[in-house]
Amino acid sequence: MFAHSYAQRALVEVVAVGALCGVVGVHVVLRRLSFFTMAMTHATFPGIVLGALLGLNLYLGAGLFGVLVVLAVAWLSSRPGAEQTSVVGVVLSGGFALGVALLSAQPGFTKDLSAYLVGSVLTVQEADLLVTAAVAAVVLAALAALRKELLLGAFDRAGLVALGYPARLLDVALLLLIEATVVTSVPAVGTILSVALIVAQAATARLWCERVGTMTAAAVGVGVGSGVLGLAISEQARVSAGATIVVVASVAFALSWLLAPRHGLAWRFRPGRAVA
Amino acid sequence: MLHRLLVEPFALPFMHRALVEALLLGVLGGVVSVFVLLRRLAFVSDALTHTVFPGVVIGYLVAQTAGVVWGALALALLSAVLFTVVSAGGRVTEDATLAILLTGFFAIGVILVSRRATYTADLTSFLFGRILTVDRAEIVQTAAVGVLVAGALAALGKELLLRAFDPDAAAAMGYRVPLLDLALNVLVALVVVAAVKAVGTVLVIALLVVPAAAARLVTDRLPLLLAGSVLVGALGGWLGLVASWEASVHHGIRLASGASVVLALVALYLLALVAAALGRLGRRSPRPSTPDGRVRLSHVDSRAGLPGERA
């Protein structure tokens, strides 16, 4: 297993992305930003297409476009009558459609979009690994530096404002960090896997842990574990690698949802439990 | 000019059928999107468009094209039930559970389809649909779903609105709130099933989210919201098809028709944004805040969050 060099590169990428997504995912889950994350994976698509058309780096194209999308979401959500869920929905569909329209104007439209969706983790190159490692270092450093402020904002936003922190600026900073994570992981692992890795492992960890520190560690562990296990299974069964990792991560969550102590379904409805 | 906008693009039978389908879906989406907006179900709609995918694949494997709708329907109903169950709350908030169901179900579909030779083409057509190849049977299906949804909303509309504005009052009056939630999730699921094969997932999300969101920017009265939403949905479908035809035939730029319908809807949203800003500029004094007996949609904003958000 993992004998070929492409499989080893895939393994390194999955471990790196799993660890990065685990840490970022904790903030996504605590702040209920899953839909925003999903929207980012779709809305940065035109950036990738434009990058390819202009001969730019894919990461650069998607990254720059993603910054625009984050600012658009932040600004649109503040308009009267607008409400964040629908703004995110509008941005998601509009951004993705723009990418499709740009792509359809090119000859050879039927070209491979499945790689964009479920990724092609088995074809990552050393350059991708370097980008992942660099972005992971920057994002993790920023999250470590802002840890206290971001967590306070997640649990007690009014308190954060009262203490004089620039709450809106911190929100945008977190959205940009999520965007950087999405942009880094999508070309390698695809949109669906990227969302799954960010949300599923942090949600699984949330079921088992009471403290943010242990939750972060558990999320990284679950992410790396499902990545390695999924890759191994897909190599044996010869099915899509990205999709198998997603299914492993989802099964881990489903089992935890049923069985985790204190918060699992089985625990809540265990026999002999006094009715509250 | 009028001829070029109204008659010429739709002279060919396939464009004619595409227009009928786009208008049907625009009206259907416009109506349902009002409820999607009020109950903040944008993410649920997005999730449904992805969770039906394994159903599409299994249906196709079992009974070829005839099985697609039934497979999608089965998975859509299953997802609607699951979404209602997970929204009951617990440690992990609804949005995270939705994201996991969405990615997990979709990945199962991808695994099933990844064993086939035409893997990538299948995925692409699922995403973007083929509104230009929609046939009579599919139009009839869409119309049937439209009638069904309209009937259900006529019967349950009042209760669904009460639940959106004041879930506690609905519960106190003896309505079963989870059952009402399930009913609405099923209605959204039906629209997804009716539309997904013809127009693809991305267009379905746009149809279920953008019309009401655009109308909400310019009005906070429910009847106007409903009318505006239907208008935006239908107008977006027509404008998108015209733009796609115009670009392809007269300017030699190929423009995917599904994507241009979405872009037309988003353009109408931006137009509503500008109109709302101009309207605020035009008003000298702020609106009188005395209640006038009418229910304003701003009332919903503090009450109708996801169960987890209210907690």
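Everything discussed here concerns the structure shown above.
Here the structure is a predicted model, which is why all the values come from computation and not from measurement.

**Description of the overall build of chain B**
Summing up its helical and strand segments, chain B has 12 helices and 0 strands in all. Going from the N terminus to the C terminus, chain B shows its helices and strands as α-α-α-α-α-α-α-α-α-α-α-α. Sorting the 311 residues of chain B into buried and exposed places 55% on the buried side. For chain B, contacts bridging at least 24 residues in sequence account for 78% of all contacts bridging at least 6. Total accessible area computed for chain B in this model is approximately 13300 Å², and 69% of it derives from carbon and sulfur atoms.

**Some details on the packing of helix 7 (residues 126-145) of chain A against helix 8 (residues 147-155) of chain A**
Residues and elements named next belong to chain A. Contact geometry of helix 7 with helix 8 gives a least axis separation of 4 Å together with a crossing angle of 70°. By the angle class used here, helix 7 and helix 8 are roughly perpendicular. Within the contact between the two elements, helix 7 uses Leu143, Ala144 and Ala145 and helix 8 uses Arg147, Glu149 and Leu150. Split by residue class, the contact of helix 7 with helix 8 holds 4 nonpolar, no polar and 2 charged.

**Observations concerning helix 12 (residues 212-237) of chain A**
Residue and element names in this part refer to chain A. For helix 12, built from 26 residues, the straight-helix expectation of 38 Å at 1.5 Å per residue is met to within 8% by its first-to-last C-alpha distance of 36 Å. Along helix 12, the positions that sit buried rather than exposed are Val212, Met215, Thr216, Ala219, Gly223, Ser226, Gly227, Gly230, Leu231, Ala232 and Ser234. Following helix 12 by one or two positions, Arg238 has its phi on the positive side, about 55°.

**Considering the side chain of Gln201(A)**
All names here are of chain A. Along the chain, Gln201 turns up in helix 11 (residues 191-208). Here the side chain of Gln201 touches Leu197 through a polar contact of 2.5 Å, landing on its backbone oxygen. For Gln201, the residues in contact, after removing those within four places along its chain, are Gly18, Cys21, Gly22, Ala196, Ala219, Val222, Gly223 and Val224.

**Points about unusual backbone geometry**
Positive phi outside glycine occurs at Arg32(A), with the angle close to 60°. For Arg32(A), the position within the fold is in the loop between helix 1 (5-30) and helix 2 (34-43). Although it is not a glycine, Arg40(B) sits at a positive phi angle of roughly 55°. Mapping Arg40(B) onto the fold places it in the loop between helix 2 (13-38) and helix 3 (42-51).

**A few points about a nonpolar patch on the surface**
All names here are of chain A. On the surface, a nonpolar cluster with roughly 550 Å² of combined accessible area is contributed by Leu50, Leu53, Leu54, Leu56, Leu60 and Leu64. Contributions of two or more residues to the nonpolar patch are made by helix 3 (45-54) and helix 4 (58-77). Looking at the nonpolar patch, the element that brings in the most residues is helix 3, giving 3 residues. In this fold, Leu60 is placed in helix 4.

**Quick look at the environment of Leu207(B)**
All names here are of chain B. Within the secondary structure, Leu207 is located in helix 9 (residues 177-218). Separated by 25 residues in the primary sequence, Leu207 and Val232 place their C-alpha atoms 9.5 Å from one another. Contact partners of Leu207, with chain neighbours within four places excluded, come to Leu25, Gly26, Gly29, Gly30, Ser33 and Leu265.

Cut-offs used in this document
- Residues numbered from 1 in each chain as written.
- Chains lettered and ligands numbered in written order.
- Predicted model: local features only at pLDDT ≥ 70, side-chain atom pairs only at ≥ 80, totals over all residues.
- Heavy atoms only, no water.
- Helix = DSSP H or I, 4+ residues; strand = E, 2+ residues; numbered from the N terminus.
- Buried < 20%, exposed > 50% of the residue type's maximum accessible area, 1.4 Å probe, protein only.
- Contact = heavy atoms within 4.5 Å.
- Areas by Shrake-Rupley, 256 points an atom, 1.4 Å probe, with all protein chains shown as cover.
- Axes fitted to C-alpha atoms, helices over the stretch in contact; angles between N-to-C directions.
- Parallel < 35°, antiparallel > 145°, perpendicular 65-115°, else oblique.
- Nonpolar A, V, L, I, M, F, W, Y, C, P; charged D, E, K, R; others polar.
- Expected span 1.5 Å × (residues − 1).
- Polar contact = N/O pair within 3.5 Å; in protein donor to acceptor, adjacent residues only side chain to side chain.
- Patch = residues over 30% accessible without salt bridge, like charges linked within 9 Å, V, L, I, M, F, W, Y side chains within 5 Å.
- Salt bridge = Lys/Arg side-chain N within 4 Å of Asp/Glu carboxyl O.

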